[in-house]
Amino acid sequence: MARSLCPGAWLRKPCYLQARFSYVRMKYLFFSWLVVFVGSWIIYVQYSTYTELCRGKDCKKIICDKYKTGVIDGPACNSLCVTETLYFGKCLSTKPNHQMYLGIWDNLPGVVKCQMEQALHLDFGTELEPRKEIVLFDKPTRGTTVQKFKEMVYSLFKAKLGDQGNLSELVNLILTVADGDKDGQVSLGEAKSAWALLQLNEFLLMVILQDKEHTPKLMGFCGDLYVMESVEYTSLYGISLPWVIELFIPSGFRRSMDQLFTPSWPRKAKIAIGLLEFVEDVFHGPYGNFLMCDTSAKNLGYNEKYDLKMVDMRKIVPETNLKELIKDRHCESDLDCVYGTDCRTSCDQNTMKCTSEVIQPNLAKACQLLKDYLLRGAPSEIREELEKQLYSCIALKVTANQMEMEHSLILNNLKTLLWKKISYTNDS
């Protein structure tokens, strides 16, 4: 008879412990291998995503090649391509064709934004959907006079903003901005850069609202690369965490964290007032009404004084042109009549076309964003009135009778209520 591995009773307990130890060790090795495998896969996927999204070197090469051959010019070109005093820092890009980085320009912090060659731009002259630029920096052509360039810009503005009576003033403002070296003349390279930038909503809005407190300042440009003022805090909510940690935080817990790491209520009130003032700036501004088509918290920020600053204005678009273009879009339901995330019209089931009237005004969307932000931690003596005003604000509809009067009344009441509560605090 074969001998047992554990022939004696006195050996059975050590043998059992040895088998138990081997099992635990194998289990430990398996889970260790699994953790290493999953971690490596996550790092690989994130690295692949990073290299696809963050193409700053490619962007710089394209811009500098155009600059060195004399195609484009601008105040940031020499620093970017010759002295190399304009640096690309942390990548903030969310789309490969729209590069965004924290940057340093001559020791000043800024945000660098660059459109990749053949990038997608929203063409308000032909269609609502993005199109591909076939040739970058192809206009204006050599031999174009300043007067002809002014006519080109005027026609572009008329298509984007509607028939405003003061478009000539805006054209002159653009020529001032385009003259990057401030020599009193706009060179062909500067004109090509300005023309490319004017296709971008954010750049146009920065120029229009350059004297407004809550619009980031334009620091300079080269081609369709531009540098804008940096904002210290880049969201109304939360704290920045490494992406590895973000992967393992449930969304519900993350929202709770966001609420915990907001400023004190008086400071939140001051930030909210800034957003309401920005809504005023784009509502029937000097060159028409603009629609905020993505009012998410990630597009807003604030500085060390808790003054609101816009971080991303790419989805703030001229109302006149958006309404003109969206009304011809084919639709099956209201879901087909949306631009961005927040600009919605309705689908006419008789014609199967989108109507032109946007349902919600900017103020209603801003109040929806601010509701939880302001009500959490609000002083008890104003909470009920604040909640009432916020819900009245959210209920605003563009189609309502006397909407503009209601819009102004609700906006002013909200600002007054908030200012009254914080006007005697250090946060004001």
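Note that the structure is a prediction, hence the values are computed from the model and not measured.

Novice: Please explain the pairing of strand β1 (residues 86-91) as it appears in this structure.
Specialist: In the case of a regular strand, side chains alternate between the two sheet surfaces. Direction of pairing for β1 relative to strand β2 (residues 98-105): antiparallel, over a ladder of 4 bridges. From the neighbouring strand, Leu 86 faces β2, where its bridge partner is Trp 105. A loop of 6 residues connects β1 with β2, the two strands running antiparallel in sequence.

Novice: I tried to follow the pairing of β2 on my own but got confused; where do I start?
Specialist: With 6 of 8 residues buried, β2 lies mostly within the body of the structure. Strand direction decides the pairing type here: β2 and strand β3 (residues 108-115), joined by 8 bridges, are antiparallel. Bridge pairing in β3 places Trp 105 opposite Leu 108.

Novice: I'm lost on helix α10 (residues 265-282) in this one. Help?
Specialist: Residues lying three or four places apart along an α-helix face the same way, a consequence of the helix completing one turn every 3.6 residues. With 18 residues, α10 ought to run about 26 Å at 1.5 Å a step, and its terminal C-alpha atoms sit 26 Å apart, in line with that. Of all 18 residues that make up α10, 14 are buried, and the element is covered over most of its length. Among the residues trailing α10, His 284 stands out with phi positive, at a value near 50°.

Novice: Explanation requested: the pattern of salt bridges in the structure shown.
Specialist: It is possible for side chains bearing opposite charge to pair when their charged atoms get close. For the coordinates displayed, the defined rule picks out 14 salt bridges. A salt bridge links Lys 113 to Glu 202, with the shortest nitrogen-to-oxygen separation between them at 2.9 Å. Of this pair, Lys 113 sits in strand β3 while Glu 202 sits in helix α7 (residues 201-208); the two residues are 89 residues apart in sequence, bridging distant segments of the chain. Taking the relative accessible area as the measure of exposure, Lys 113 reaches 0% and is therefore buried. Note that Lys 415 and Glu 280 form a salt bridge whose closest N and O atoms lie 2.9 Å from each other. Note that Lys 415 is positioned in helix α14 (residues 403-422) and Glu 280 in helix α10, a separation of 135 residues in sequence. Among the charged side chains, a salt-bridge network with shared partners connects Glu 319, Lys 323 and Glu 357.

Novice: Quick question: what am I supposed to make of helix α12 (residues 362-375) here?
Specialist: Between its first and last C-alpha atoms α12 spans 20 Å; for 14 residues at 1.5 Å apiece the expected length is 20 Å, and the two agree. When the local axis directions of α12 are compared, the greatest deviation, roughly 35°, occurs at Leu 369. The element α12 is largely enclosed, with a buried count of 12 among its 14 residues. Among all positions of α12, only Asn 362, Leu 363, Ala 364, Lys 365, Ala 366, Cys 367, Leu 369, Leu 370, Lys 371, Tyr 373, Leu 374 and Leu 375 are buried. Looking at the buried side of α12, the elements it contacts are α10, β8 (290-292), β9 (300-302), β13 (343-344), α13 (380-394) and α14. Phi turns positive, to about 85°, at Gly 377, one or two residues after α12.

Novice: Looking at this model, I keep getting lost on the state of the cysteines. Mind explaining?
Specialist: In a disulfide, the sulfur atoms of two cysteines are held together by a covalent bond. Evaluated as defined, the whole model comprises 8 disulfides. Between the sulfur atoms of Cys 59 and its disulfide mate Cys 114 the distance is 1.5 Å. Between Cys 59 and Cys 114, the S-S dihedral sits near 105°, and the bridge is therefore right-handed. With Cys 59 in helix α2 (residues 56-68) and Cys 114 in strand β3, the pair connects residues that are 55 residues apart, well separated along the chain. Across the pair, Cys 114 and Cys 59 agree in class, each one buried. Across a sulfur-sulfur distance of 2.1 Å, Cys 64 and Cys 81 are joined as a disulfide pair. Here the S-S torsion is close to -85°, and the disulfide linking Cys 64 with Cys 81 is therefore left-handed. Separated by 17 residues along the polypeptide, Cys 64 in helix α2 and Cys 81 in helix α3 (residues 77-81) bring together distant segments of the chain. Its relative accessible area of 7% is what places Cys 81 among the buried residues.

What counts and how
Residues numbered from 1 in each chain as written. Predicted model: local features only at pLDDT ≥ 70, side-chain atom pairs only at ≥ 80, totals over all residues. Heavy atoms only, no water. Pairing = 2+ DSSP bridges. Helix = DSSP H or I, 4+ residues; strand = E, 2+ residues; numbered from the N terminus. Buried < 20%, exposed > 50% of the residue type's maximum accessible area, 1.4 Å probe, protein only. Expected span 1.5 Å × (residues − 1). Salt bridge = Lys/Arg side-chain N within 4 Å of Asp/Glu carboxyl O. Bend = angle between axes of the 7 residues up to and from the residue. Contact = heavy atoms within 4.5 Å. Disulfide = S-S within 2.5 Å.

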